[in-house]
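# Secondary and tertiary structure notes
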Amino acid sequence: MPRGTRRASVVLAYVAFVYVGVSAGVGGVLLPSQIADYRVDNATIGITFFTFSAGFMLAGTTAGALIQRLGIRMTLAVGCGASVLAALYTATLPPFVALVAVQVVAGYGIGILEAALNTYLTRLPRATTLLNRLHAFFGVGALLGPLLAAWILTLAPWTAVWLALALLALPLLAGFLAIYPRDDVPARRGRSARDETPRDETHGDLSPHVADAGSAVAHGFQAVDSGSAAGGGVQAPGTGSAASQGAEPGGRGLLVSALRSPAVLLASALLAVYVGLELGVGNWGFTYLVEEQAQPSLMAGYTISGYWLGLTLGRFLISPAAARVGLGPAGMLYACLTGVTASAVLTWLAPVPAVAAAGFVLLGFFLGPIFPTIMAMVPRLTAARLVPTVIGVTNGVSLMGGAVFPWLAGTVAQQVGMWTLMLFAVVLGVLQLVMWRSVVRRMSAEPVPDVAHI
């Protein structure tokens, strides 16, 4: 791929993640209007979290096979098209049952977009940096989303927000089709090219390392050529004879191989807790601030935007700062997870408006690097040929947490009180620390390599 085209594809990926962030950011602001229009309670509107996550999970389990058969370009077109259709239908103010159902399509579209773009950037040089930037632009969108939704609600009903989202996605669809490579279809390249062991010329001597004797997890290697599929790499645990013989299984075989790795399952569960915390606070934080802190709606909207701003700044700033002081990814995430828990405790124990606003910003700041850094470590959890499938699985499972935990937070708040939101954040923060320790024990001690600039 020409250098200019590759840069354009990365920029378009960033723009797409701004769109994904806007889609996520508007949700919490729209919830009160949806509850009023459909005359349902918190627990009932929370059903939409589950159906959206079901679609996202379906995307996670099928993304690897789609990329294998269609390539990145057409897979992105499928995801973007599904997002447009779901947004247009939601803008018609459908019956509540239909609203619940269409969230499956919306979740599938966003899930395919995320999985395909994460996979694409893992193939490029400096993947760790690119992925942190990619997810930072999600934060940019999530920062803009509440502001956009709050502004539109002063002029039009909540359905107009979804119409705007549909219109914003159309240029993305055209960009994917125009910029991304047309020949990026692994299934057309022949088995020998797919199963070829990636060259080690940029990574140096990266032999497999087993960090935990009880869980022999070998890490794969990233391909540095953006125009080729990830290679075979080292056999991951549970990949079976197909991996060792160089045979490329079909979509189901790839999924089964990925799900056999305890490290992959544990990392997926950790990201499920992370997304549950991020979206739980993001979705219910507005209601918490209005009901518990007695903040005006506009000020509460600004505070939630501050939360997403903190998340964005964390992704731009924490990783470079950690590198400057010699702190590796594992240590950086331990520090971030500790900061998440401390910020939630601060907001919970000193719930006055100014402290709550600062606590929300700090919470977002420390949450920021967690997801992209773990995603960038996926090649260390499995063989390289399984990376697209594992990224899809971890992405899909993560949003299951994004359904269960926000629904649980809303249900508990309805029964006990909205003050429980920050206690919920504290508990999930502690759980993340425990799970991260287990993931680190199952990973290679080798750092994720960053190679030449794109």
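Attention here is on the structure that accompanies the text. (Residues numbered from 1 in each chain as written. Predicted model: local features only at pLDDT ≥ 70, side-chain atom pairs only at ≥ 80, totals over all residues. Heavy atoms only, no water.)

### Quick notes on the side chain of Thr420
- Take Thr420: it is sitting in helix α16 (residues 420-441).
- Within the structure, Thr420 has its side chain in polar contact with the backbone oxygen of Gly417 (distance 2.8 Å).
- With residues near it in sequence (within four places) discarded, Thr420 still touches Val412 and Ala413. (Helix = DSSP H or I, 4+ residues; strand = E, 2+ residues; numbered from the N terminus. Polar contact = N/O pair within 3.5 Å; in protein donor to acceptor, adjacent residues only side chain to side chain. Contact = heavy atoms within 4.5 Å.)

### A word on the environment of Leu70
- Along the chain, Leu70 falls in helix α3 (residues 47-90).
- Judged by relative accessible area, which is 34%, Leu70 ranks as partly exposed.
- Separated by 112 residues in the primary sequence, Leu70 and Arg182 place their C-alpha atoms 9.6 Å from one another. (Buried < 20%, exposed > 50% of the residue type's maximum accessible area, 1.4 Å probe, protein only.)

### Notes on the nonpolar core
- One finds Phe176, Tyr180, Trp308, Leu367 and Ile370 to be the most contacted residues of the largest nonpolar core, which totals 112 residues.
- The residues contacting Leu367, other than those within four sequence positions of it, are Tyr274, Leu277, Glu278, Tyr307, Leu311 and Val340.
- Of all hydrophobic cores here, the second largest spans six residues; its members include Ala59, Ala63, Leu66 and Ala115. (Core = buried A, V, L, I, M, F, W, Y, C linked by side-chain atoms within 4.5 Å.)

### Description of helix α12 (residues 329-349)
- Its 21 residues give α12 an end-to-end C-alpha distance of 30 Å, which sits within 8% of 30 Å, the value for a rise of 1.5 Å per residue.
- Considered for burial, the residues of α12 that qualify are Met332, Leu333, Cys336, Leu337, Gly339, Val340, Thr341, Ser343, Ala344 and Thr347.
- Where α12 is buried, its residues contact α10 (262-291), α11 (297-324), α13 (353-367), α14 (370-376) and α16. (Expected span 1.5 Å × (residues − 1).)

### Re empty space enclosed by the protein
- Throughout the structure, instances matching the rule amount to five cavities of 30 Å³ or more.
- Considering only enclosed or pocket space, the largest cavity measures out at about 720 Å³ in volume.
- Residue lining of the largest cavity: 40 residues in total, with Ser23, Ala24, Phe52, Leu279 and Leu399 positioned closest to the centre.
- For the lining of the largest cavity, the elements supplying multiple residues, two or more each, are α1 (3-38), α3, α4 (96-122), α5 (127-153), α6 (159-179), α10 and α15 (387-415).
- Along the lines of polarity and charge, the residues of the lining of the largest cavity split into 24 nonpolar, 13 polar and three charged. (1 Å grid on protein atoms, 1.4 Å probe; cavity = no way out; pocket = protein on both sides within 12 Å on 5 of 7 lines; lining within 4 Å. Points joined across faces, edges and corners; volume = space filled by probe spheres on them. Nonpolar A, V, L, I, M, F, W, Y, C, P; charged D, E, K, R; others polar.)

### Topic: the pattern of salt bridges
- Overall, the coordinates contain one salt bridge when judged by the stated rule.
- As a salt-bridge pair, Glu278 and Arg315 come within 3.8 Å of each other at their nearest N and O atoms. Taken together, the residues Glu278 in helix α10 and Arg315 in helix α11 connect sequence positions 37 residues apart. Like Arg315, Glu278 is buried. (Salt bridge = Lys/Arg side-chain N within 4 Å of Asp/Glu carboxyl O.)

### Here we look at the packing of aromatic side chains
- With the rule as written, the count across this model stands at 15 aromatic pairs.
- Here the aromatic rings of Phe50 and Trp407 are separated by 5.5 Å at their centres, their planes lie at 65°, and the arrangement is edge-to-face. Taken together, the residues Phe50 in helix α3 and Trp407 in helix α15 connect sequence positions 357 residues apart.
- Both rings, one in Phe176 and one in Tyr180, keep their centres 5.8 Å apart while their planes meet at 70°; by these two values the pair is edge-to-face.
- Here Phe176 falls in the buried class, since its relative accessible area comes to 0%. (Phe/Tyr/Trp six-rings, centres within 6.5 Å; stacked < 30°, edge-to-face > 60°.)

### Concerning the environment of Leu408
- Relative to the assigned elements, Leu408 resides in helix α15.
- C-alpha separation for the pair Leu408 and Gly276, spaced 132 residues apart in sequence, amounts to 9.6 Å.

### Description of the packing of α10 against α16
- Running from amino to carboxyl end, α10 crosses α16 at an angle of 165°, the nearest separation of the two axes being 9 Å. Taken together, the axes of α10 and α16 are roughly antiparallel relative to one another. With respect to the hand of their crossing, α10 and α16 are arranged in left-handed fashion.
- Within the contact of α10 with α16, the residues separate by chemical class into 19 nonpolar, six polar and no charged. (Axes fitted to C-alpha atoms, helices over the stretch in contact; angles between N-to-C directions. Parallel < 35°, antiparallel > 145°, perpendicular 65-115°, else oblique. Left-handed = near helix turned anticlockwise from the far one by under 90°.)

### Comments concerning the packing of α12 against α16
- Closest axis-to-axis distance for the α12/α16 pair is 8 Å, and the angle between their directions is 165°. Classified by the angle between their axes, α12 and α16 sit roughly antiparallel to one another. For the pair α12 and α16, the crossing hand works out as left-handed. Of α16, the residues touching α12 (which contributes Pro329, Ala330, Leu333, Tyr334, Leu337, Thr338, Val340, Thr341, Ala344, Val345, Thr347 and Trp348) are Met422, Leu423, Ala425, Val426, Gly429, Val430, Gln432, Leu433, Trp436, Arg437 and Val440.

### Quick look at a nonpolar patch on the surface
- A surface patch of nonpolar side chains, amounting to about 540 Å² of accessible area, comprises Trp348, Leu349, Leu408, Val412, Val416 and Trp419.
- Among the secondary structure elements, those contributing two or more residues to the nonpolar patch are α12 and α15.
- What makes Val416 exposed here is its relative accessible area of 52%. (Patch = residues over 30% accessible without salt bridge, like charges linked within 9 Å, V, L, I, M, F, W, Y side chains within 5 Å. Areas by Shrake-Rupley, 256 points an atom, 1.4 Å probe, with all protein chains shown as cover.)

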